[in-house]
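Residue-level listing of the chains:
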Amino acid sequence: MSDENGHLEQGRQVTQVRGLAGAARLPHLVRMSAPSAPRTHTSGPFWRNALIAIVPVVLASIVGSAVTVPQIPGWYAGLAKPVFNPPNWMFGPVWTLLFAMMAYAVYRILRLPAVTPGKARALAVYHAQLALNLLWSCVFFGLNSPVGGILVILPLLALILTTIAQFRPLDRFSADLLWPYAAWVSFATLLNVSIWWLNK
């Protein structure tokens, strides 16, 4: 009987050890089977981000065109221009493409979570450069002032480059979309300075 009791006791001990081992593995199994944490959602619905991205660009384009177009056949046509001045028909398609790329770039930034570090600052710089973009048309064409245009386009170019630098850590593709814009405004700066020089 003593041997039998010994075997029973030993069996109970083995069972307890196995039970403890299973309990030790239980948290690991729970962690393995638990659903993963949900990914951080983008900031706001698609339609709202699209509107915020598109509407300011469209307004800047419409107002800028309303100021610019009436001046082209009159005041602008009478200015002396450098030999590298593009034909008038080129400006419309170029700006349309650049504005579209600009809108898509900022849309990608707007989709980032609101808590993304640097997002608010990047958007503030972007909208500041867009305001200067419109202001340049109002000053150069609206006020017929090439020298005033220079005073606006230089900080505009600086803000475009700053926007690219702010966008790059957030979304590299968005930053790259703005390089053609920076290149065109660089060319426009040279053109603006040349027109001022030839007509001073």
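Relevant structure appears above.
All values reported here derive from a predicted model rather than from experimental measurement. (Residues numbered from 1 in each chain as written. Predicted model: local features only at pLDDT ≥ 70, side-chain atom pairs only at ≥ 80, totals over all residues. Heavy atoms only, no water.)

Caption draft 1: Representation of the overall build of the protein chain. What the protein chain contains, in helices and strands, is eight helices and zero strands. Moving toward the C terminus, one meets the helices and strands of the protein chain in the order α-α-α-α-α-α-α-α. Here the protein chain holds 200 residues, and the buried ones make up 36% of them. Look at the contacts in the protein chain between residues 6 or more apart in sequence, and 78% of them connect residues 24 or more apart. Here the protein chain has roughly 12100 Å² of accessible surface; of this, 70% comes from carbon and sulfur atoms. (Helix = DSSP H or I, 4+ residues; strand = E, 2+ residues; numbered from the N terminus. Buried < 20%, exposed > 50% of the residue type's maximum accessible area, 1.4 Å probe, protein only. Contact = heavy atoms within 4.5 Å. Areas by Shrake-Rupley, 256 points an atom, 1.4 Å probe, with all protein chains shown as cover.)

Caption draft 2: Representation of the nonpolar core. F167, Y181 and V185 are the most contacted members of the largest nonpolar core, which totals 44 residues. Among the elements that make up this core, the one with the highest residue count is helix α4 (residues 88–110) (eleven residues). Look past the residues within four positions of Y181 in its chain and what remains in contact with it is W95, L98, M102, Q129, N133, L156 and I160. (Core = buried A, V, L, I, M, F, W, Y, C linked by side-chain atoms within 4.5 Å.)

Caption draft 3: Examining the packing of helix α5 (residues 119–142) against helix α6 (residues 146–167) more closely. Following both chains from N to C, one finds α5 and α6 inclined at 160°, their axes separated by 8 Å at the closest point. Judged by the angle between their axes, α5 and α6 are roughly antiparallel. You can see that α5 and α6 cross each other, and the crossing is left-handed. The residue makeup of the contact of α5 with α6, split by class, is 17 nonpolar, seven polar and one charged. (Axes fitted to C-alpha atoms, helices over the stretch in contact; angles between N-to-C directions. Parallel < 35°, antiparallel > 145°, perpendicular 65-115°, else oblique. Left-handed = near helix turned anticlockwise from the far one by under 90°. Nonpolar A, V, L, I, M, F, W, Y, C, P; charged D, E, K, R; others polar.)

Caption draft 4: A look at the layout of surface pockets. The volume enclosed by the largest pocket comes to roughly 630 Å³. Forming the boundary of the largest pocket are 29 residues, of which T68, F91, W95, W136 and F141 lie nearest the centre. Listing elements by their share of the lining of the largest pocket, those giving two or more residues are α2 (46–68), α3 (72–76), α4, α5, α6 and α8 (179–199). The element that contributes the greatest number of residues to the lining of the largest pocket is α8, accounting for seven residues. Of the residues in the lining of the largest pocket, the class split is 19 nonpolar, ten polar and no charged. (1 Å grid on protein atoms, 1.4 Å probe; cavity = no way out; pocket = protein on both sides within 12 Å on 5 of 7 lines; lining within 4 Å. Points joined across faces, edges and corners; volume = space filled by probe spheres on them.)

Caption draft 5: Representation of the packing of aromatic side chains within the structure. Scanning the entire structure with this criterion turns up 16 aromatic pairs. A centroid spacing of 6.2 Å and a plane angle of 80° characterise the contact between W75 and F141, whose relative ring orientation is edge-to-face. Here W75, found in helix α3, pairs with F141, found in helix α5; they are 66 residues apart in sequence, far enough to count as distant. Among the residues examined, W75 registers a relative accessible area of 21% and is labelled partly exposed. Three or more aromatic residues joined by ring pairs form one cluster here, namely W75, Y76, W136, F140 and F141. In this structure, K200 is placed above the aromatic ring of W196, and the distance from its NZ or CZ to the ring centre is 5.4 Å. (Phe/Tyr/Trp six-rings, centres within 6.5 Å; stacked < 30°, edge-to-face > 60°. Lys NZ or Arg CZ within 6 Å of the ring centre and 35° of its normal.)

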